[in-house]
Structures are given as structure tokens and as C-alpha cells.
Amino acid sequence: MAKTPLLTARLNRIEYGAREINLYHFGSAHGDALPGAEPGAHIDVIINDTYTRQYSLINSGDVLDEYIIGVRCDLNGRGGSRALHETSVVGNLYTLSEPRNNFPLVADDGPVALLAGGIGITPLINMYRTLSRLGRPVDLYYWARTSDDFVFFTELESQSNVRLVETGDTPGGSLGIGEVVAATSPDAHLYCCGPSPMLDAFTAASADRAPERVHLERFSAVVSIGPRQPNEGFKVTLARSGTVLDVPVDQTILETCLAEGIDVDYSCEEGTCGACEVKVLSGAVSHCDAVKTPAEHDAGATMAICCSRARDGDLVLDI
């Protein structure tokens, strides 16, 4: 990583959350307060020399005594969650990043609908608690396979503005994403976090909504689309130095920069954290990250260099 603020934390406690899900409580290694975070924020956790992963914070506040994350052990994943589940030891020290927020709550008084799938509840439970405490109108819809898979089940099952939906082996279960979106007021803010099929359904169902009222967070980057063929390289000009880089087909812009000794910000290298976002001064981009929509990137003339590529022609970046 480069330039990402880091801190040393102690793993104070591991708590059972639900089937295959643990809650990890990290406190300052020195006993002082941790930097604050707003609902929707996440941190990087350096699990070991091999794995660095991003996890949403379950808690928030101006100053925090601990950071709490929820991690599902994915036996078919890339190994990070399994390493944390199988090797973490209470009392050990870990390196964490300070919180970043790519999924913030909009500060207004309008109604809010939160749609969570599986481990996607972790940022949304924080939002739900915050909105409830502020007295803002909020409804939470939470899909999981069975009652054993709901985190915070005891807390949520008795709440009148919470709908827990057991899906079993049927996607969506007895209540579909489209039904929820259709029944929600047009002036509501919609927040969704969950697996890709759920987010795809949410995106389709909310396509006619005002974009500024539709918010989602993905676990992984999306597939690049655009006219450029995947076996084509391209050139990137770094405007601050005038350096021109040849980005080959088997490297990202980030990897090419690092190979040339160019100091750039980055963290996850997977398009999920936003740390490597840079300004695009010229050129068209095929956006692949999971942090912003292509429209948001295009409006701000930015891209994530860890995964996104030139769509056609070459690029000039503010690096």
C-alpha cells in the first residue's frame, strides 16, 4: 500500500454472529481512542503477509473505542476470510487502515429503505441503528437463507420496521427486490448491499429512480465492458511528469506504475475500496470498480487504476 493511513490495533474479542459469520472487535494497541467513522465506512485489515481485505464497520461515531467488523468464512473465496477465521488469535496485533467511506448516508430528513443480503447487513445495520437513533423514517429488508444465517437476529426480529426474509433455496424467497423497490416512496433513499445477483436485481428495479437516491455497495469489481478487446494494451501519460507508460494486456495501470517505481495510492487492488481513484484528464475509460457507477466516474472524470482500463485510444491521468 502507499500513503494509506495505517494504525496498529489489538484483536480484543471474537464474537459469534451467525452461521459462518464472526464479529471481530479491534481496539487501539495503545489504549487510546481510534479515529471516528460514519455509517457506511470500511477499513482495510492486513490479515497476514498474503491477504489484505476490506470490511465494513458495524459501528460508527466521532471517536471510537473499537472497530467492529463482520466476516463470513467463504470456503470458495480467495482465502482472506478463511485465514481470518482460522488463524486469528485474541490479543494479537493487526495493521488496519483508518476508515474510508464510499457508501455514506445522505444527510436529509427523507425516508430510507435499506436492502441487505447475507453479510451485506454489516454496513446497513450501522445505518439502521443511526437512523433509528435520529428518529428518521427507515425500513430494513434483510434476506438470508435461514434464520441461522441472520446476524443480529435477536435485535431485529421484534422491530416493526424490519422484514427478515428467509430465502431457502429460492432466490429472493417470498419477497423480491423488485417488490420492495416498487412499494417504496419515490422520494426515499434506497441503499443496497449484498451478493452480485441481488445488486443486479436492485439496479434493474431502481433504474427509473433518481440516481442521487439510489446507493449500492458491491463486494467485488464488475466485468469490464467496452469496444476495446481484452487482448489490447494501451498507453497512459502521467501528466505531472510527462511519463508515458505502455500498459500491457496482462497488467493494470496500477501494476505498471508500481513496476516503474511510481508512487501512487492504492489498497485493495480489486476495485472495492476507492483508494486508487485518480483524475482522468483525457481519454475514455471502461470502468470496472465496485465503488462508483460509470456515470459517477464520468461526471467527476475519475477512474480506479487497479482494475479499469482505456476503452478506446489512450489515457492522460493526473498522476
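Sequence order sets the numbering: in each chain, residues are counted from 1 along the sequence as written. Per-residue local features are limited, in this predicted model, to residues with pLDDT of at least 70; the limit for side-chain atom pairs, both in listing and counting, is 80 or more; totals at the level of whole chains, interfaces and linings are taken over all residues. As a rule here, side-chain values come from all non-hydrogen atoms in the structure, and water together with hydrogens is ignored.

Colleague: Break down empty space enclosed by the protein for me, citing the residues and quoting the values.
Modeller: Using protein atoms alone on a 1 Å grid, points that fit a 1.4 Å probe yet trap it form a cavity, whereas open point sets bounded by protein on both sides within 12 Å along at least five of seven lines form a pocket; residues with an atom within 4 Å of a point count as lining. Grid points are joined across faces, edges and corners, and a volume is the space filled by probe spheres set on the points. Tallied over the full model, the rule gives 2 cavities of 30 Å³ or more. Looking at the largest cavity, its volume works out to about 50 Å³. Considering the residues around the largest cavity, the lining is formed by Asn102, Phe103, Leu216, Glu217, Thr272, Ala290 and Val291. Class assignment for the residues of the lining of the largest cavity results in 4 nonpolar, 2 polar and 1 charged. Side-chain classes follow a simple rule in which Ala, Val, Leu, Ile, Met, Phe, Trp, Tyr, Cys and Pro form the nonpolar group, Asp, Glu, Lys and Arg form the charged group, and the remainder, Gly included, forms the polar group.

Colleague: An account of the pairing of strand β7 (residues 66-72) is needed here, citing residue identities and associated values.
Modeller: Within β7, 5 of the 7 residues are buried, which leaves it mostly tucked inside the rest of the structure. Examined bridge by bridge, strand β2 (residues 21-28) and β7 share 7 bridges and lie antiparallel to one another. Residue pairing across strands places Tyr24 opposite Ile69, the latter belonging to β7. The cut-offs for exposure are 20% and 50% of the maximum accessible area for each residue type, with area from a 1.4 Å probe on protein chains only; residues under the lower value are buried, those over the upper are exposed, and the others partly exposed. Segments assigned H or I by DSSP are reported as helices when at least four residues long, segments assigned E as strands when at least two residues long, and all are numbered from the N terminus. A strand pair is defined by DSSP finding two or more bridges across the two strands.

Colleague: Tell me what's going on with the packing of aromatic side chains, and back it up with residues and numbers.
Modeller: Working definition: a ring pair exists when centres of Phe, Tyr or Trp rings (six-membered ring for Trp) sit within 6.5 Å. Plane angles under 30 degrees give stacked, over 60 give edge-to-face, the rest tilted. For the structure shown, the criterion picks out 5 aromatic pairs. On the basis of an interplanar angle of 75 degrees and a centroid distance of 5.9 Å, the ring pair of Phe103 and Tyr191 is categorised as edge-to-face. Here Phe103, found in the loop between β8 (93-97) and β9 (112-117), pairs with Tyr191, found in strand β12 (residues 189-193); they are 88 residues apart in sequence, far enough to count as distant. The exposure class assigned to Phe103 is buried, which follows from its relative accessible area of 2%. When its relative accessible area of 0% is taken as the criterion, Tyr191 is described as buried. Measuring from ring centre to ring centre gives 4.8 Å for Tyr142 and Phe150, while their planes differ by 85 degrees; the resulting arrangement is edge-to-face. Under the relative-accessibility criterion, Tyr142 is labelled buried at 0%. You can call Phe150 buried: its relative accessible area is 3%. Of the aromatic side chains, those joined through ring pairs into one cluster are Tyr142, Phe150 and Phe153. Throughout this description, the term charge over a ring refers to an Arg CZ or Lys NZ atom that lies within 6 Å of the ring centre and within 35 degrees of the ring normal. When the ring centre of Phe152 is taken as origin, the NZ or CZ atom of Arg129, which lies over that ring, is 4.9 Å away.

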